[in-house]
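# Structure at a glance
In case you want the letters, here they are:
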Amino acid sequence: MAETITDGNTMMEDTMVEDTEAPSPPPPPAAVSKNGRKAEGNSIFSWIFVLALLGAWTAVGVVWFDIVDYDTVVGTLVPYDIDGDGHLGLEDAKVLLGLKEKPVARETPPHTPVTDTSDEQDVRSDLRREAEPTVAKSEFVNTASSEQDSFNIDSTAADAGLSRLEQEFTPFDPIEDNFDSFPQEENPDTIDTTGELVVEYLPEETEGQSDTTVLYSEQFASQQTGEADPRAPDSTQDMEGANPEPTAESAAEVTQDSTPVLPETTAQSAPQSPQDTTQSNTAEETPTEVTGKKKKPKMFNKFDKTIKSEIDTAEKLRKKGKAEEALRAFEGLVQKYPHSPRSRYGKAQSEDDVAEKLRSNDMLLKAVNSYKDAAELPDAPVALIKAALKRRADRQQFLGRMRGSLATLQLLVQTFPDDIALQNDLGVAYLLIGDNKAAKKVYEEVLVKAPSDGFAKVHYGFILKSENKIAESIPYLREGLESEAAGTDDGRFYFHLGDALQRVGDQSAYEWYERGHKRGHFASVWQRSLYNVNGLRAQPWWTAKETGYTDLVKTLERNWITIRDEALSVMNASSGLFVAEDENLREKGDWGQFTLWQQGRKVASSCRSVPKTCALLDRYPEATSCKRGQIKFSVMQPGTHVWPHTGPTNCRLRMHLGLVIPRDGCRIRCTDHTRGWEEGKVLIFDDSFEHEVWQDADSYRLIFIVDVWHPELSQTQRQTLSPI
């Protein structure tokens, strides 16, 4: 129908035209109303339209004002829904008025989707039954395509059900951080967690510098040979300023240290914890063994699980090596959720990563403090507390903050008293500050709880040997190494077991040296130095020409009498300037030394006593700048025997100038070659090889020792290598 509105009166024009050939009769004259206006024809269609409008507005009012419960009566309208479209409309009215035939509806049975016998389809079928709407299908559905359409609808419903379950279900959180595991694995670009601990003015009072000293802090690095992979330069970086701090660390303390790059040096690994096989930023979350299966620690508390997706997004950046982006992301999370332990822990890890990338001690100190903040938050998971504090202690050690690390480990042991690994770490911390007595007590307690703990055994044996309890130390060192427990495969323990066996006359010492060599701790059975540079020429004895330091050698030999006389003047003085050797290298006898240069630094007070000698040496930087050596006088009395020993590094050669040499009875062995001194002549040897000294003469022996840089070291290496 079409309608036209005129003067406020509604006029209905019938648009239905009957198919007839007869012309239409003329319309009757229009009626006139009382008001003089033309009357309009009021057909049934007008009334139906009005009633429809009234009905619609009435329905709106009923629903809007909740007058009638629509759901209870909607079913009663179904008989009037002729076309089956779910509502009363124009087409329904046409059928009611007889203007259109009523279609005969033929109900069809509900479609049954094709099923699968698999378990997965059974689950999906169950989900479909829960999600599928119960709507009866009518004849108007295209039966040719109804099966496919129904399958699509059912699949969608099932997928929707799966989606809802996935959103509602929070699975156990697998911790992404693979701890240790500084490595951390191990990412080859990480900080050199294996850097040597630099100890200023190490006592080096030996004739052929020995590393048998048992101050653990002086042997902070695990030993590697001089044949480490030259393709891994980052493993040789030394953080400067790594000196033990005199007092406990303040949380706000900031370092100003820089980090030199030493691509020529070998890796020196830090002391291994019993459970650590690598050193890295993720080295603390080591999975625990549970009935043969690895169970990852729970690092998320209840709140952190609600923001896990945000944490995971930031963590993915960190794992992809985007340290700066990860740090910004975690900083945002900490600002947004300041009470989230996992966010703060992620921030600390990211700061740790950035510190490695930028070689920044300042950034690493921020990470140290952030680990502490994460562990101190309320509701922090136990696993997170342990991981954060362990990494904090490790990074404090790396920065040389030994007492701060000790305090952290003491807290860990108090918090987790049954954790043997933490007690072992605490013992190492005591050793690093030189408190062997406290370390010994810790390892005695560990061995009571765990008598077969290999890590505790090697360290306990190490301490016994430092107390000169040689025979007692051997079984602990041997059994600890034989256990092959984590943290025992360390060159120091092979070194000291072999040394102890040598001192009791047991030739199996060389079998252990051979094992250490095969495991890569020693360059050879003879050359057992522990702080090495790759690729340097290695031979026990050298000539002046081979060293390239012929001018220095000639100067020493031409001026030997002047040097001797100044040394004798010091010996004759009552000032006691010669200091007795105190490194436990002597089997018997007396051995004193008077030092002029130590670790590349002149001892001014000593040089005032021997000014001519020091003036001669000032011209030769290959000697005076040698930070891994000394220049000193050495006097040895009759009846002295020095145990076989090796120096700490292959970075130097040692010159001996004979000053007062008895006719018979004085000799030195280096590897399997034995020689004697001559007055006014220089002997040159590499003291990283095993050497031994006998003084069986009737009078004292006096020599002048001058250490020089290995001639194959570059100037950059000489400038950047840490002192020993």
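Residues numbered from 1 in each chain as written. Predicted model: local features only at pLDDT ≥ 70, side-chain atom pairs only at ≥ 80, totals over all residues. Heavy atoms only, no water.

What follows deals with the packing of aromatic side chains. Two descriptors summarise a pair of aromatic rings, namely the distance from one centre to the other and the angle between the planes of the rings. On inspection of all chains with the given rule, the structure shows twelve aromatic pairs. Between Y510 and Y513, the aromatic rings sit 5.6 Å apart at their centres with planes inclined by 75 degrees, giving edge-to-face as the arrangement. Highlighted residues: Y510 and Y513, both in helix α18 (residues 509-518), separated by three residues, approximately one helical turn. On the basis of relative accessibility, which here comes to 1%, the residue Y513 falls in the buried class. Here the aromatic residues Y510, Y513, F522 and W526 are joined through ring pairs into a cluster of three or more. Just above the ring of F398 sits the side chain of R395; from NZ or CZ to the centre is 4.9 Å. Over the ring of W677 we find R701; its NZ or CZ atom is 4.7 Å from the centre of that ring. (Phe/Tyr/Trp six-rings, centres within 6.5 Å; stacked < 30°, edge-to-face > 60°. Helix = DSSP H or I, 4+ residues; strand = E, 2+ residues; numbered from the N terminus. Buried < 20%, exposed > 50% of the residue type's maximum accessible area, 1.4 Å probe, protein only. Lys NZ or Arg CZ within 6 Å of the ring centre and 35° of its normal.)

With 13 residues, helix α21 (residues 560-572) extends 18 Å between its outermost C-alpha atoms, agreeing within 8% with the 18 Å of an ideal straight helix rising 1.5 Å per residue. W560, I563, E566, A567 and V570 are the residues of α21 that are buried. Each buried residue of α21 lies within a common arc of 135 degrees when the element is viewed along its axis, so the set occupies one face. (Expected span 1.5 Å × (residues − 1). Arc of directions from axis to C-beta.)

A few words now on the pairing of strand β8 (residues 591-598). Of all the eight residues making up β8, eight are buried; the element is thus mostly covered by neighbouring parts of the structure. Here two bridges tie strand β6 (residues 579-580) to β8, and the two strands are oriented antiparallel to one another. For A580, the partnering residue across the bridge sits in β8 and is G592. For β8 and strand β10 (residues 630-636), the ladder comprises seven bridges, and the chain directions are antiparallel. Looking at the pairing, Q598 lines up with Q630 of β10. Between the antiparallel neighbours β8 and strand β9 (residues 601-602) lie two residues, among them Q599 with a positive phi of about 50 degrees. (Pairing = 2+ DSSP bridges.)

Here we take up a nonpolar patch on the surface. On the surface, a cluster of nonpolar side chains totalling about 650 Å² of accessible area is made up of F49, V50, L51, L53, L54 and W57. Mapped onto the elements, V50 comes out in helix α1 (residues 44-64). (Patch = residues over 30% accessible without salt bridge, like charges linked within 9 Å, V, L, I, M, F, W, Y side chains within 5 Å. Areas by Shrake-Rupley, 256 points an atom, 1.4 Å probe, with all protein chains shown as cover. Salt bridge = Lys/Arg side-chain N within 4 Å of Asp/Glu carboxyl O.)

Attention shifts here to a positive patch on the surface. A surface patch of like charges, here positive, comprises K295, K298, K302 and K305. Within the secondary structure, K295 is located in strand β4 (residues 293-295). (Lys, Arg positive; Asp, Glu negative; His and termini not counted. Charge placed at Lys NZ, Arg CZ, Asp CG, Glu CD.)

Take the packing of helix α8 (residues 323-336) against helix α9 (residues 341-358) next. As a packed pair, α8 and α9 sit with axes 8 Å apart at the nearest point and diverge in direction by 155 degrees. Classified by the angle between their axes, α8 and α9 sit roughly antiparallel to one another. By crossing handedness, the relation of α8 to α9 is classed as left-handed. Every residue of α9 that contacts α8 at A323, E324, A326, L327, F330, E331, L333 and V334 is listed here: R342, S343, R344, G346, K347, S350, E351, D353, V354, K357 and L358. In the contact of α8 with α9, the residues fall into eight nonpolar, three polar and eight charged. (Axes fitted to C-alpha atoms, helices over the stretch in contact; angles between N-to-C directions. Parallel < 35°, antiparallel > 145°, perpendicular 65-115°, else oblique. Left-handed = near helix turned anticlockwise from the far one by under 90°. Contact = heavy atoms within 4.5 Å. Nonpolar A, V, L, I, M, F, W, Y, C, P; charged D, E, K, R; others polar.)

Before going further, it helps to examine the nonpolar core. Judged by nonpolar contacts, the single largest core of 56 residues is most densely connected at Y345, L426, Y430 and Y443. In this view, Y443 contacts N424, G427, V428, L431, F455, A456, H459, Y460 and I463; residues no more than four positions away in its chain are not counted. Core analysis: the second largest hydrophobic core is formed by 41 residues, L536, W542, Y549 and V708 among them. (Core = buried A, V, L, I, M, F, W, Y, C linked by side-chain atoms within 4.5 Å.)

Quick look at the pattern of salt bridges now. A full pass over the atoms with the stated rule returns 33 salt bridges. R519 serves as the salt-bridge partner of E484, at 3.2 Å between the closest nitrogen and oxygen. Linking E484 in the loop between α16 (470-483) and α17 (491-503) with R519 in the loop between α18 and β5 (541-542), this pair joins segments that are 35 residues apart in sequence. Here R519 falls in the partly exposed class, since its relative accessible area comes to 41%. Among the ionic contacts, a cluster of salt bridges with common partners joins D352, E356, R391, D394 and R395.

What follows deals with the state of the cysteines. Summed over all chains, the structure comprises one disulfide. Paired through a disulfide, C607 and C614 show a sulfur-sulfur distance of 2.2 Å. Because the sign of the S-S torsion sets the handedness, a value of about -80 degrees for the bond joining C607 and C614 places this disulfide among the left-handed ones. A single burial state applies to C607 and to C614, both of which are buried. (Disulfide = S-S within 2.5 Å.)

So, about the pairing of strand β12 (residues 652-660). With nine of nine residues buried, β12 is to be regarded as a mostly interior element. In this sheet, strand β17 (residues 701-709) lies alongside β12 in antiparallel orientation, the contact comprising eight bridges. Within β17, the residue paired with G658 across the bridge is I703. Pairing between β12 and strand β15 (residues 682-685): four bridges, direction antiparallel. Counterpart to M655 in the pairing with β15 is I684.

What follows is about the environment of D394. Looking at the secondary structure, you find D394 in helix α11 (residues 382-398). Under the relative-accessibility criterion, D394 is labelled buried at 16%. One polar contact links D394 to R395, side chain to side chain, over a distance of 2.8 Å. (Polar contact = N/O pair within 3.5 Å; in protein donor to acceptor, adjacent residues only side chain to side chain.)

Our focus in this paragraph is the confidence of the model for the chain. For the chain, the mean per-residue pLDDT works out to 74, and 61% of the residues sit at or above 70. Long-range and interchain partners of residues 31-39, a stretch whose pLDDT sits below 50, account for seven contacts in this model, where long-range means more than four residues apart. Across residues 217-279 the pLDDT falls below 50, and counting only partners more than four positions away or on other chains, this stretch makes 222 contacts in the model. (pLDDT = per-residue confidence, 0-100.)

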